[in-house]
Amino acid sequence: MLEDKKTKVKITFFVILVGISSMFVAIVTDHWAVLSARLERLNSTCDTAHLGLWRLCKKSIFIAEDDYQGTACGPLSLPGAENCSYFRHFTSKEEAEVFEVTTQKEYNISAAAIAIFSLAFMVLGTLCLLGAFGKGRDYLLRPSGMFYAFAGLCIVISVEVMRQSVKRMINSEETVWMDYYYSWSFACACSAFILLFLSGVGLLIVSMPHMPRNPWETCMDAEAEPID
(Lines give C-alpha, C1' and ligand atoms only; values in the text may rest on other atoms or scores of the structure.)
Protein backbone atom coordinates (compact mmCIF):
# COMPACT_ATOMS: atom_id res chain seq x y z
CA MET A 1 0.00 0.00 0.00
CA LEU A 2 1.34 3.44 -0.94
CA GLU A 3 2.21 5.75 1.95
CA ASP A 4 -0.34 8.37 0.87
CA LYS A 5 -3.10 5.77 0.66
CA LYS A 6 -2.06 4.23 4.00
CA THR A 7 -2.41 7.63 5.70
CA LYS A 8 -5.91 8.08 4.34
CA VAL A 9 -6.88 4.57 5.46
CA LYS A 10 -5.52 5.20 8.97
CA ILE A 11 -7.55 8.40 9.32
CA THR A 12 -10.65 6.60 8.05
CA PHE A 13 -10.04 3.75 10.47
CA PHE A 14 -9.93 6.21 13.38
CA VAL A 15 -13.30 7.64 12.31
CA ILE A 16 -14.64 4.09 12.03
CA LEU A 17 -13.52 3.29 15.58
CA VAL A 18 -15.46 6.33 16.81
CA GLY A 19 -18.53 5.12 14.91
CA ILE A 20 -18.22 1.59 16.29
CA SER A 21 -17.89 2.95 19.83
CA SER A 22 -20.97 5.13 19.35
CA MET A 23 -23.03 2.19 18.10
CA PHE A 24 -21.85 -0.04 20.94
CA VAL A 25 -22.95 2.61 23.45
CA ALA A 26 -26.33 2.89 21.71
CA ILE A 27 -26.89 -0.87 21.78
CA VAL A 28 -26.05 -1.45 25.44
CA THR A 29 -27.88 1.62 26.83
CA ASP A 30 -31.61 2.24 27.15
CA HIS A 31 -32.05 5.96 26.57
CA TRP A 32 -33.20 5.91 22.95
CA ALA A 33 -36.45 7.64 23.85
CA VAL A 34 -38.07 9.16 26.94
CA LEU A 35 -41.84 8.82 27.35
CA SER A 36 -44.10 10.91 29.59
CA ALA A 37 -47.65 10.37 30.79
CA ARG A 38 -50.15 13.19 31.28
CA LEU A 39 -49.83 15.11 34.54
CA GLU A 40 -53.33 15.08 36.02
CA ARG A 41 -52.62 17.33 39.03
CA LEU A 42 -49.79 18.77 41.07
CA ASN A 43 -48.46 17.24 44.30
CA SER A 44 -49.10 13.74 42.99
CA THR A 45 -47.21 10.94 41.28
CA CYS A 46 -47.09 10.37 37.55
CA ASP A 47 -45.27 8.00 35.21
CA THR A 48 -42.34 8.53 32.86
CA ALA A 49 -40.15 5.97 31.11
CA HIS A 50 -37.07 5.51 29.00
CA LEU A 51 -36.44 2.62 26.63
CA GLY A 52 -33.75 1.07 24.49
CA LEU A 53 -33.37 -1.95 22.26
CA TRP A 54 -33.57 -4.43 25.12
CA ARG A 55 -35.73 -3.02 27.89
CA LEU A 56 -38.15 -0.36 29.05
CA CYS A 57 -37.72 1.33 32.45
CA LYS A 58 -40.75 2.92 34.05
CA LYS A 59 -40.36 5.57 36.74
CA SER A 60 -42.95 7.00 39.14
CA ILE A 61 -42.19 10.63 39.96
CA PHE A 62 -43.76 12.89 42.55
CA ILE A 63 -44.45 16.28 40.96
CA ALA A 64 -44.55 19.22 43.36
CA GLU A 65 -45.47 22.78 42.45
CA ASP A 66 -41.80 23.78 42.28
CA ASP A 67 -41.08 21.01 39.72
CA TYR A 68 -44.02 21.81 37.45
CA GLN A 69 -42.90 22.36 33.83
CA GLY A 70 -45.95 21.52 31.70
CA THR A 71 -48.81 19.09 31.17
CA ALA A 72 -46.52 16.07 30.75
CA CYS A 73 -44.82 14.16 33.55
CA GLY A 74 -41.15 14.85 34.09
CA PRO A 75 -38.36 15.63 33.75
CA LEU A 76 -36.83 12.17 34.00
CA SER A 77 -34.03 13.47 36.24
CA LEU A 78 -36.42 13.90 39.19
CA PRO A 79 -36.14 11.21 41.89
CA GLY A 80 -38.59 8.34 41.87
CA ALA A 81 -39.08 4.58 42.03
CA GLU A 82 -37.89 2.86 38.85
CA ASN A 83 -38.68 -0.61 37.56
CA CYS A 84 -37.35 -2.15 34.34
CA SER A 85 -38.60 -4.93 32.07
CA TYR A 86 -36.63 -6.64 29.31
CA PHE A 87 -38.27 -7.22 25.94
CA ARG A 88 -38.76 -10.92 25.27
CA HIS A 89 -40.65 -13.01 22.77
CA PHE A 90 -42.74 -14.43 25.60
CA THR A 91 -43.93 -12.00 28.26
CA SER A 92 -46.17 -12.73 31.24
CA LYS A 93 -49.60 -11.12 31.26
CA GLU A 94 -48.93 -9.18 34.46
CA GLU A 95 -45.66 -7.77 33.13
CA ALA A 96 -47.30 -6.85 29.83
CA GLU A 97 -50.01 -4.89 31.64
CA VAL A 98 -47.48 -3.00 33.76
CA PHE A 99 -45.03 -2.04 31.02
CA GLU A 100 -47.25 -2.16 27.91
CA VAL A 101 -44.69 -4.54 26.42
CA THR A 102 -47.22 -6.07 24.02
CA THR A 103 -47.56 -2.71 22.29
CA GLN A 104 -44.04 -2.44 20.95
CA LYS A 105 -41.95 -5.50 21.84
CA GLU A 106 -42.12 -6.81 18.24
CA TYR A 107 -40.66 -3.53 16.98
CA ASN A 108 -37.91 -3.45 19.59
CA ILE A 109 -36.90 -7.07 19.04
CA SER A 110 -36.66 -6.36 15.30
CA ALA A 111 -34.60 -3.23 15.89
CA ALA A 112 -32.27 -5.14 18.23
CA ALA A 113 -31.83 -7.97 15.69
CA ILE A 114 -30.95 -5.52 12.93
CA ALA A 115 -28.48 -3.78 15.25
CA ILE A 116 -26.79 -7.14 15.87
CA PHE A 117 -26.45 -7.56 12.09
CA SER A 118 -24.74 -4.18 11.97
CA LEU A 119 -22.25 -5.37 14.61
CA ALA A 120 -21.50 -8.45 12.50
CA PHE A 121 -20.79 -6.25 9.47
CA MET A 122 -18.52 -4.06 11.61
CA VAL A 123 -16.49 -7.08 12.72
CA LEU A 124 -16.12 -8.33 9.14
CA GLY A 125 -15.16 -4.86 7.94
CA THR A 126 -12.56 -4.48 10.68
CA LEU A 127 -10.99 -7.85 9.89
CA CYS A 128 -10.73 -6.94 6.20
CA LEU A 129 -9.35 -3.49 6.99
CA LEU A 130 -6.67 -4.85 9.31
CA GLY A 131 -5.72 -7.40 6.67
CA ALA A 132 -5.43 -4.65 4.06
CA PHE A 133 -2.40 -3.21 5.87
CA GLY A 134 -0.44 -6.32 4.88
CA LYS A 135 1.84 -6.19 1.87
CA GLY A 136 -0.01 -6.63 -1.42
CA ARG A 137 -3.48 -6.83 0.20
CA ASP A 138 -4.97 -3.54 -0.95
CA TYR A 139 -7.83 -5.49 -2.51
CA LEU A 140 -9.28 -6.02 1.00
CA LEU A 141 -10.14 -2.32 1.22
CA ARG A 142 -13.09 -2.77 -1.12
CA PRO A 143 -14.92 -5.50 0.86
CA SER A 144 -14.09 -3.62 4.04
CA GLY A 145 -15.76 -0.48 2.72
CA MET A 146 -18.79 -2.48 1.63
CA PHE A 147 -19.14 -4.10 5.07
CA TYR A 148 -18.99 -0.74 6.84
CA ALA A 149 -21.52 0.75 4.42
CA PHE A 150 -23.83 -2.22 5.05
CA ALA A 151 -23.37 -1.71 8.81
CA GLY A 152 -24.43 1.91 8.42
CA LEU A 153 -27.53 0.90 6.47
CA CYS A 154 -28.47 -1.64 9.15
CA ILE A 155 -28.10 1.07 11.80
CA VAL A 156 -30.40 3.52 10.00
CA ILE A 157 -32.99 0.75 9.54
CA SER A 158 -32.78 -0.05 13.25
CA VAL A 159 -33.21 3.64 14.07
CA GLU A 160 -36.30 3.87 11.84
CA VAL A 161 -37.84 0.75 13.42
CA MET A 162 -37.30 2.29 16.85
CA ARG A 163 -38.95 5.51 15.69
CA GLN A 164 -41.98 3.57 14.54
CA SER A 165 -42.06 1.75 17.88
CA VAL A 166 -42.13 5.02 19.82
CA LYS A 167 -44.81 6.51 17.56
CA ARG A 168 -46.92 3.39 17.98
CA MET A 169 -46.67 3.64 21.76
CA ILE A 170 -47.69 7.32 21.72
CA ASN A 171 -50.62 6.77 19.34
CA SER A 172 -51.90 3.60 20.99
CA GLU A 173 -54.97 3.88 23.19
CA GLU A 174 -53.65 1.05 25.35
CA THR A 175 -50.78 3.12 26.78
CA VAL A 176 -50.68 6.16 29.04
CA TRP A 177 -47.91 7.97 27.17
CA MET A 178 -48.72 11.36 25.65
CA ASP A 179 -45.33 12.96 25.00
CA TYR A 180 -41.83 11.80 24.03
CA TYR A 181 -38.40 12.92 22.91
CA TYR A 182 -35.35 11.07 21.61
CA SER A 183 -32.42 10.89 24.00
CA TRP A 184 -28.64 10.46 23.85
CA SER A 185 -28.60 6.74 22.95
CA PHE A 186 -30.63 7.60 19.84
CA ALA A 187 -28.12 10.35 19.01
CA CYS A 188 -25.25 7.85 19.35
CA ALA A 189 -26.93 5.50 16.87
CA CYS A 190 -27.49 8.32 14.35
CA SER A 191 -23.87 9.42 14.72
CA ALA A 192 -22.69 5.84 14.19
CA PHE A 193 -24.73 5.61 10.96
CA ILE A 194 -23.19 8.79 9.55
CA LEU A 195 -19.61 7.89 10.51
CA LEU A 196 -19.71 4.26 9.37
CA PHE A 197 -21.59 4.80 6.13
CA LEU A 198 -19.41 7.72 5.02
CA SER A 199 -16.25 5.87 6.07
CA GLY A 200 -17.35 2.83 4.08
CA VAL A 201 -17.91 4.97 1.01
CA GLY A 202 -14.54 6.61 1.63
CA LEU A 203 -12.76 3.25 1.71
CA LEU A 204 -14.44 2.28 -1.55
CA ILE A 205 -13.17 5.49 -3.15
CA VAL A 206 -9.65 4.95 -1.80
CA SER A 207 -9.62 1.37 -3.11
CA MET A 208 -10.40 2.48 -6.66
CA PRO A 209 -7.49 2.31 -9.11
CA HIS A 210 -5.60 5.48 -9.91
CA MET A 211 -7.17 7.41 -12.77
CA PRO A 212 -4.93 9.47 -15.08
CA ARG A 213 -5.32 13.23 -14.69
CA ASN A 214 -4.71 13.84 -18.41
CA PRO A 215 -5.80 11.76 -21.40
CA TRP A 216 -2.19 11.37 -22.55
CA GLU A 217 -0.76 10.40 -19.13
CA THR A 218 -1.15 6.67 -19.71
CA CYS A 219 0.47 6.88 -23.14
CA MET A 220 3.44 8.84 -21.80
CA ASP A 221 4.01 6.35 -18.99
CA ALA A 222 3.93 3.38 -21.35
CA GLU A 223 7.23 1.82 -22.34
CA ALA A 224 8.37 2.56 -25.88
CA GLU A 225 8.29 -0.38 -28.25
CA PRO A 226 11.66 -1.32 -29.81
CA ILE A 227 12.06 -0.33 -33.47
CA ASP A 228 13.44 -3.03 -35.79
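Thresholds applied
- Residues numbered from 1 in each chain as written.
- Predicted model: local features only at pLDDT ≥ 70, side-chain atom pairs only at ≥ 80, totals over all residues.
- Heavy atoms only, no water.
- Axes fitted to C-alpha atoms, helices over the stretch in contact; angles between N-to-C directions.
- Helix = DSSP H or I, 4+ residues; strand = E, 2+ residues; numbered from the N terminus.
- Parallel < 35°, antiparallel > 145°, perpendicular 65-115°, else oblique.
- Left-handed = near helix turned anticlockwise from the far one by under 90°.
- Nonpolar A, V, L, I, M, F, W, Y, C, P; charged D, E, K, R; others polar.
- Salt bridge = Lys/Arg side-chain N within 4 Å of Asp/Glu carboxyl O.
- Buried < 20%, exposed > 50% of the residue type's maximum accessible area, 1.4 Å probe, protein only.
- Contact = heavy atoms within 4.5 Å.
- pLDDT = per-residue confidence, 0-100.

Draft legend 1. How the structure looks around the packing of helix 4 (residues 141-171) against helix 5 (residues 184-207). Closest axis-to-axis distance for the helix 4/helix 5 pair is 7 Å, and the angle between their directions is 155°. By the angle class used here, helix 4 and helix 5 are roughly antiparallel. Relative to helix 5, the crossing made by helix 4 is left-handed. For the contact of helix 4 with helix 5, the residue count by class is 18 nonpolar, five polar and two charged.

Draft legend 2. Focus on the pattern of salt bridges. Tallied over the full model, the rule gives two salt bridges. Note that Asp30 is salt-bridged to Arg55, the shortest N-O span being 2.4 Å. Here Asp30, found in the loop between helix 1 (3-28) and strand 1 (33-37), pairs with Arg55, found in strand 3 (residues 55-63); they are 25 residues apart in sequence, far enough to count as distant. Judged by relative accessible area, which is 10%, Asp30 ranks as buried. Taking relative accessible area as the criterion, Arg55 reaches 25% and is therefore assigned partly exposed. Residue Glu160 pairs with Arg163 through a salt bridge whose shortest N-O separation is 2.7 Å. With Glu160 and Arg163 both in helix 4, this residue pair falls three residues apart, about one helical turn.

Draft legend 3. Structural view of the environment of Gly125. Mapped onto the elements, Gly125 comes out in helix 3 (residues 101-132). For the pair Gly125 and Arg142, spaced 17 residues apart in sequence, the C-alpha separation works out to 9.5 Å. Beyond its immediate sequence surroundings of up to four residues, Gly125 is in contact with Ser144, Phe147 and Tyr148.

Draft legend 4. Spotlight on the confidence of the model for the protein chain. Summary statistics for the protein chain give a mean pLDDT of 78 and a share of 77% for residues scoring 70 or more. The secondary structure element of the protein chain with the lowest average pLDDT is helix 2 (residues 93-99), at 46, and the one with the highest is helix 5, at 91. Predicted confidence for residues 93-99 stays below pLDDT 50, and this span has 13 contacts to residues more than four positions away or in other chains. Across residues 222-226 the pLDDT falls below 50, and counting only partners more than four positions away or on other chains, this stretch makes zero contacts in the model.

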